[in-house]
Amino acid sequence: MLRGDRVLLRAITKEDLVPLQRLHDDVETAVGATVMPWLPETAEQAVARYERREPDPANVEFAVQSLSGELLGFGIVWGIDTLNRNGHLGLSLLTEARGQGYAPAALGLLCDYAFRIRGLYRLGLETLVTNTAMIAAAERTGFRREGTLRGHSWVAGSFVDEALFGLLATEFTGPRAGAGL
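This text gives an overview of the structure that appears in the document. On a predicted model such as this, the values are computed, not experimentally measured, just so you know.

## Focus: the overall build of the protein chain
Helix and strand counts for the protein chain come out as five helices and eight strands. Ordered by position from the N terminus, the helices and strands of the protein chain form the series β-β-α-α-α-β-β-β-α-β-α-β-β. By the compact-globule yardstick of 16 Å for 181 residues, the protein chain fits well, its C-alpha radius of gyration being 16 Å. Reported as C-alpha extents along the three principal axes, the dimensions of the protein chain are approximately 40 × 40 × 35 Å. Looking at the 181 residues of the protein chain, the share that counts as buried comes to 41%. For the protein chain, contacts bridging at least 24 residues in sequence account for 59% of all contacts bridging at least 6. Counting every atom, the protein chain has about 10000 Å² of accessible surface; 54% of that belongs to carbon and sulfur. If the 18 positive side-chain charges of the protein chain are averaged to one point and the 22 negative ones to another, these points end up 6 Å apart.

Right under this line is the structure:
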């Protein structure tokens, strides 16, 4: 696991799936968090999908947990391109974990994993321009806004602009994971 000052990142377990299903069941949040169309899915279906999954070094998912053991959400380093040494970050926190400073802490550990453990040089982070909390967390982590994709995402009946952020390994000054590796 990767341990920081506020959160830790660990493998997602089967026991995490039911609480994390609440993120999927929150349709308004879910449709803005993924490029895949939202489809109804039961917890049982999520567990079955989890049990069929194969490890994918290009898309690495983590449970985000408080240091006291509370499951906060999940994070992902996705689209890892080992030739060009880049990838993307994603983060989704449970409703009760939002607004407490966990997002920048989790993003920092995801960056530490991507840069220090995986040897990536560049990370991208894309979010809807309406997601002010993620924009603030990205900026607090050191990401720079690099542009806007106008009308890029179809979200619940209308097109929404997407903000593009980037961070280079040489710019990252965030946390190094503690001894919990």
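## Focus: the nonpolar core
Val 77, Leu 89 and Phe 143 are the most contacted members of the largest nonpolar core, which has 35 residues in total. Of all the secondary-structure elements, those providing two or more residues to this core are β2 (7-10), β3 (60-66), β4 (71-81), β5 (86-93), α4 (102-117), β6 (122-128), α5 (132-141) and β8 (158-168). With ten residues, the top contributor of residues to this core is α4. With residues up to four places along the chain from it excluded, the contact list for Leu 89 reads Ile 76, Val 77, Trp 78, Leu 107, Leu 110, Cys 111, Leu 123, Gly 124, Leu 125 and Phe 143.

Rules used in this analysis
- Residues numbered from 1 in each chain as written.
- Predicted model: local features only at pLDDT ≥ 70, side-chain atom pairs only at ≥ 80, totals over all residues.
- Heavy atoms only, no water.
- Helix = DSSP H or I, 4+ residues; strand = E, 2+ residues; numbered from the N terminus.
- Rg over C-alpha atoms; globule rule 2.2 N^0.38 Å.
- Buried < 20%, exposed > 50% of the residue type's maximum accessible area, 1.4 Å probe, protein only.
- Contact = heavy atoms within 4.5 Å.
- Areas by Shrake-Rupley, 256 points an atom, 1.4 Å probe, with all protein chains shown as cover.
- Lys, Arg positive; Asp, Glu negative; His and termini not counted.
- Charge placed at Lys NZ, Arg CZ, Asp CG, Glu CD.
- Core = buried A, V, L, I, M, F, W, Y, C linked by side-chain atoms within 4.5 Å.

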